[in-house]
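Each chain is listed here by its residues.
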Amino acid sequence: ARLPDLLRAMPKAELHIHIEGSLEPELIFALAERNGVSLPYASVEALRQAYAFSNLQSFLDIYYAGASVLLKEQDFHDMAMAYFERAAADKVLRAELFFDPQTHTARGVPMATVIDGLHRACVDAKAAFGIDAALILCFLRHLSEDEAIETLQQALPHLDKIIGVGLDSSEVGHPPEKFARVFARCGELGLHRVAHAGEEGPPAYIRSALDVLHAERIDHGVQAVHDPVLMQRLAAGRIPLTVCPLSNQKLCVFPDLADHNLRALLDAGLCATVNSDDPAYFGGYMNDNFLQVFAATGLDARHAYQLGRNAFEGSFASDELKRGYI
Ligand code: ADE
Ligand code: ZN
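Residues numbered from 1 in each chain as written. Chains lettered and ligands numbered in written order. Predicted model: local features only at pLDDT ≥ 70, side-chain atom pairs only at ≥ 80, totals over all residues.

Going by an unreviewed UniProt entry, the protein chain carries the name Adenine deaminase and comes from Xylophilus rhododendri. Its UniProt record gives the protein chain a comment under Sequence similarities (unreviewed entry), which states: "Belongs to the metallo-dependent hydrolases superfamily. Adenosine and AMP deaminases family. Adenine deaminase type 2 subfamily." (UniProt positions renumbered as here; feature names shortened; annotations may be inferred.)

Here is the structure:
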């Protein structure tokens, strides 16, 4: 079979998707209308025009503005269902969704509204698409640890609806150490722990995500290639990296997709995976990420099988679900 057909048909697990980053401009405008929220863009086209990023921060500013249309439980549900429909078309069987509650609670949206809407969508995704879905609550690292602790407090009544916690937003200047206490508390609560590290930040942030936060996976992690000792550790420990090729290209982590280091990570024996990050902003969902990074960097069918297995291995799915795909 042709490689693109294999990539499209391959069963997938998506481990790095910010559900607020799946909001397409059309849905942003529809929700703005529905909720009477005014947007600083005249049209869907004008909004899409603004999607030209020079680094992570230039993206985050627009991403948080887009999320401002989310007010009601139904909004969170509809956003996630739109993602699940795209994911199902790309043969995603398992999806672990990041969400950023502080973006919403800061606007007066209750934690229960956010989690209940997303959780109802996860339940519906199983019935509608056969997708096994779960939620990971992310703390915003540009805010304080006290604010993260307050967020965890608000989420305590909902712990049955989330499987873990993550750390995202502006990386450089906000090292993992800043969140040592809240992550320790999350570990005591039995939550899985992951963290963005080494997207723009140095290898030292990847090390402290592992050593200080006890992260089980590293989100992005592509800067690990600059530290051979760390590379060895990631490979030997089979610590998953949730790599997002189109995101890295659009945020200028790699100037050209052909320069992406996914192949180097795989060839060094790391448990690297392919994910979409913020698909509505970066020009593609799972299949787009696979097809484009394979075409640009000359990966082959063996890499495809490895990436497929890595994603299920690195997922927090039940052993029963994982067994069939590793
Ligand atoms: N929030 C949404 N997407 C993100 C990314 N790629 N890095 C950090 N925070 C994010
Ligand atoms: Zn991310």
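Draft legend 1. View of the UniProt feature "binding site: substrate" (unreviewed entry) in the protein chain. Per the UniProt entry, the sites bearing "binding site: substrate" (unreviewed entry) are Asp278 in this numbering. Position of Asp278 among the secondary structure elements: in the loop between strand S8 (272–274) and helix H14 (279–282). Residue classification places Asp278 among the buried positions, given that 25 C-beta atoms sit within 10 Å. With near-sequence residues (within four places) excluded, Asp278 lies in contact with His18, Gly21, Tyr63 and Ser247. (Helix = DSSP H or I, 4+ residues; strand = E, 2+ residues; numbered from the N terminus. Buried ≥ 20, exposed ≤ 12 C-beta atoms within 10 Å, placed from the backbone. Contact = placed C-beta atoms within 7 Å.)

Draft legend 2. View of the nonpolar core. Of all hydrophobic cores here, the largest spans 93 residues; its most connected members are Ile19, Ala80, Leu97, Phe99, Leu118, Ile136 and Ala209. Top contributing element to this core by residue count: strand S3 (residues 132–140), with seven residues. When near neighbours in sequence (up to four residues on either side) are disregarded, Phe99 contacts Ile19, Glu20, Val114, Leu118, Leu135, Leu137 and Cys138. (Core = buried A, V, L, I, M, F, W, Y, C linked by C-beta atoms within 7 Å.)

Draft legend 3. Focus on unusual backbone geometry. The backbone of Lys91 shows a phi angle near 65 degrees, a positive value even though the residue is not glycine. In this structure, Lys91 sits in the loop between helix H5 (73–89) and strand S2 (92–99). Looking at Lys91, the number of C-beta atoms within 10 Å reads 15, which means it is partly exposed. We note that Asp277 has phi near 65 degrees; this positive angle belongs to a residue other than glycine. By secondary structure assignment, the location of Asp277 is in the loop between S8 and H14. When the 30 C-beta atoms within 10 Å are taken as the criterion, Asp277 is described as buried.

Draft legend 4. Main features of helix H16 (residues 301–314). Between its terminal C-alpha atoms H16 stretches 20 Å, which fits the 20 Å expected from 14 residues at 1.5 Å a residue. For H16, the complete set of buried residues consists of His303, Leu307, Gly308, Asn310, Ala311, Phe312 and Gly314. Each element contacted by the buried residues of H16 is listed here: strand S1 (12–18), S2, strand S6 (217–220), helix H13 (262–267), S8 and helix H17 (319–323). (Expected span 1.5 Å × (residues − 1).)

Draft legend 5. Geometry of the UniProt feature "binding site: Zn(2+)" (unreviewed entry) in the protein chain. Within the UniProt annotation, "binding site: Zn(2+)" (unreviewed entry) is assigned to His16, His18, His196 and Asp277. Separation in sequence by 262 residues is not matched in space for these annotated residues, since their most distant C-alpha atoms are only 11.7 Å apart. Beyond its immediate chain neighbours, meaning those up to four positions away, His16 contacts Asp219, Thr242, Cys244, Asn275 and Asp277. Relative to the elements of secondary structure, His18 occurs in strand S1. C-beta crowding within 10 Å serves as the criterion here: with 29 such atoms nearby, His18 is assigned to the buried category. Excluding its chain neighbours within four sequence positions, the residues that come into contact with His18 are Phe98, Asp100, Asp168, Asp277 and Asp278.

Draft legend 6. Broad picture of the packing of H5 against helix H7 (residues 111–129). At a closest axis distance of 8 Å, the pairing of H5 and H7 adopts a crossing angle of 35 degrees. As H5 runs across H7, the sense of the crossing is right-handed. Within the contact between the two elements, H5 uses Glu73, Gln74, Asp75, Phe76, His77, Ala80, Met81, Phe84 and Ala88 and H7 uses Thr113, Val114, Asp116, Gly117, Leu118, Arg120, Ala121, Asp124, Ala125 and Phe129. In terms of residue class, the contact of H5 with H7 is built from ten nonpolar, four polar and five charged. (Axes fitted to C-alpha atoms, helices over the stretch in contact; angles between N-to-C directions. Left-handed = near helix turned anticlockwise from the far one by under 90°. Nonpolar A, V, L, I, M, F, W, Y, C, P; charged D, E, K, R; others polar.)

Draft legend 7. Representation of the pairing of strand S4 (residues 164–168). For S4, the buried fraction is high: five of the five residues fall into the buried class. Residue alternation in S4 divides its side chains into two sets, Gly164, Gly166 and Asp168 and Val165 and Leu167, and both sets are buried. Of the pairings in the sheet, the one linking S3 to S4 comprises five bridges and is parallel in character. By the bridge assignment for S4, Ile136 is matched with Gly164. Running through helix H8 (residues 145–155), the crossover from S3 to the neighbouring parallel element S4 is right-handed. (Pairing = 2+ DSSP bridges. Right-handed = clockwise from strand over helix to strand, strands pointing away.)

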